[in-house]
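In case you want the letters, here they are:
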Amino acid sequence: MRVLRNARLVDGRSVDLRLDDSSGTIAGVTAAGSTAITDGAAVDDLDGWLLLPAMAEPHAHLDKALTADEVPNPKGDLMGAIQAWFAAAEKGRLSYERTVERATQAFEMLLVHGVTAVRTHINVTADIGIVSVLAVQEAARAMEGLIDFQMVALTGWPMTGPDSAENIRALEEAVEAGVDLVGGCPNLQDDPATAISDVLALATSAGIDIDLHTDETLDPSVLTLRELARQVSDKGFDGLVAASHCVSLGMQPPDVQAAVAAEVAAAGVSVITLPQTNLFLQGRDDPVGTPRGLTAVNALLDAGAAVAAGADNVQDPFNLVGRSDPLETAALMVMAGHRLPADAYDMVSNVSRRVMGLAPVNFEPGDPADVVAIDAPTLRGAVADAPMSRRVYRRGRLVASADQQTRVHRP
């Protein structure tokens, strides 16, 4: 048992939180100072720090993370990043050992910032096979007991037609190696509808879930999200389905946004918007009234769809910056997505957990004991300042801590 004393919840209550590390759940929430300490219980005095649900990263690329200097992208756009990545792979500049090292570092960066669950897409193609999957799996073993981890097989193209056999074989090997979800980019395939159908069939056969890069383009003529929602409904797929990016939905007129959002919600498809990377990649050919590159967040929420937010790429050819801190993503959802801070934080914590199939944390007995304490006065202040004084708890155990010190040297 661990007791977090003198914590402050978002509603202003000062509480003691009892965490059961044997079950990994919250055992009780009482007024601060009222909890009797039993023999052997660990006690952490949080001294009034803000206590929040732990954050989750619903869309990462840990096989690519931290390669911005090794794999430059002079063009700065999406295809430039893709071309730079494949060129580096062909030249042998992305070794197995270096991938393990970088992925481990990326895991640790996420954990220290308050992330206790991460879903990462990993390239699975004819050229590289499942080498990157195996490398990230090795990195994940070093984080066992510290962070929940989901892998998505990010397939290449083509995945349909006569030239698809080797890519399909690589995907099948990734499923055998233990990936948790099938991924890919249907709108980049020659036949997006068939690609979606094939993904649904394979996921059904393997008993795993789906997370597709969907419509990462400002071209309004591209709208495979609607096709995905319709096929999920028509085929009765009962696993989890997420559509990441969905940028082109934000370029549709309001009536189309509303209609597609209703279909997405009815199909139970979750949407993951990725402001950091899409603000960097999208809109480079539109110097006037440059679009923000986000999906139609309001329309999706109005329809009742689940909308999470993630960072996507971090310090690689697809996004040259990023701190692996969901508070950065939340701040971007405030500024670029026009969400209030509380809604933005929910998108990087409990909504992301639900999209990943994990239970939310509402500070009720029986909830997962995944929480983060931050030395911030309010939730808005936490999103605004992103202070690095944090304590991270996963399943009732302290798994990471950081302390920020500042000083003004006056004459």
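That block above? That's the structure.
Residues numbered from 1 in each chain as written. Predicted model: local features only at pLDDT ≥ 70, side-chain atom pairs only at ≥ 80, totals over all residues. Heavy atoms only, no water.

## Side note on the layout of surface pockets
Consideration 1: Of the pockets and cavities examined, the largest pocket occupies roughly 380 Å³.
Consideration 2: Along its surface, the largest pocket is lined by 25 residues, and L78, I82, C185, L188 and F318 are the ones closest to its centre.
Consideration 3: Contributions of two or more residues to the lining of the largest pocket are made by α1 (78–90), β8 (148–155) and α8 (275–281).
Consideration 4: Approximately 270 Å³ is the volume attributed to the second largest pocket.
Consideration 5: Around the second largest pocket, the lining is made up of 16 residues, and of these V10, P53, N350, V361 and F363 lie nearest the centre.
Consideration 6: Elements with a contribution of two residues or more to the lining of the second largest pocket: β5 (50–53) and α11 (341–347).
Consideration 7: Broken down by element, the residue count for the lining of the second largest pocket peaks at three residues, all from α11.
Consideration 8: Broken down by class, the residue content of the lining of the second largest pocket amounts to nine nonpolar, three polar and four charged. (1 Å grid on protein atoms, 1.4 Å probe; cavity = no way out; pocket = protein on both sides within 12 Å on 5 of 7 lines; lining within 4 Å. Points joined across faces, edges and corners; volume = space filled by probe spheres on them. Helix = DSSP H or I, 4+ residues; strand = E, 2+ residues; numbered from the N terminus. Nonpolar A, V, L, I, M, F, W, Y, C, P; charged D, E, K, R; others polar.)

## Considering the packing of helix α2 (residues 96–113) against helix α3 (residues 131–141)
Consideration 1: Relative orientation of the contacting elements α2 and α3 amounts to 45°, with a least axis distance of 8 Å. Classed by the angle they form, the pair α2 and α3 counts as oblique. The crossing of α2 and α3 is right-handed. In this structure, α2 contributes Y96, T99, V100, A103, T104 and F107 to the contact, and α3 contributes V131, L134, A135, V136, E138, A139 and A140. (Axes fitted to C-alpha atoms, helices over the stretch in contact; angles between N-to-C directions. Parallel < 35°, antiparallel > 145°, perpendicular 65-115°, else oblique. Left-handed = near helix turned anticlockwise from the far one by under 90°. Contact = heavy atoms within 4.5 Å.)

## Notes on the sheet that holds strand β6 (residues 55–60)
Consideration 1: What the eight strands build is an open sheet, ordered β6-β7-β8-β9-β10-β11-β12-β13; its pairing is parallel. The sheet is open, and its two edges are formed by β6 and β13 (307–309), each paired on a single side.
Consideration 2: Examined bridge by bridge, β8 and strand β9 (residues 181–182) share two bridges and lie parallel to one another. Residue pairing across strands places V152 opposite L181, the latter belonging to β9.
Consideration 3: Packed on one face of the sheet, α2 meets β6, β7 (115–124) and β8 and runs near 155° to β7.
Consideration 4: In the packing of α3 onto the sheet, the strands contacted are β7 and β8, and the crossing angle to β7 comes to about 160°. (Pairing = 2+ DSSP bridges.)

## With respect to the packing of aromatic side chains
The description of an aromatic ring pair rests on the distance of the ring centres and on the angle between the ring planes.
Consideration 1: The final tally for this structure, using the stated rule, is one aromatic pair.
Consideration 2: With 5.4 Å between their ring centres and 75° between their planes, F107 and F149 make a pair best called edge-to-face. With F107 in helix α2 and F149 in strand β8, the pair connects residues that are 42 residues apart, well separated along the chain.
Consideration 3: For F107, a relative accessible area of 0% translates into the label buried.
Consideration 4: When the ring centre of W85 is taken as origin, the NZ or CZ atom of K64, which lies over that ring, is 5.5 Å away.
Consideration 5: Here the guanidinium or amino end of R284 rests over the ring plane of F280, the centre of that ring lying 4.6 Å away. (Phe/Tyr/Trp six-rings, centres within 6.5 Å; stacked < 30°, edge-to-face > 60°. Buried < 20%, exposed > 50% of the residue type's maximum accessible area, 1.4 Å probe, protein only. Lys NZ or Arg CZ within 6 Å of the ring centre and 35° of its normal.)

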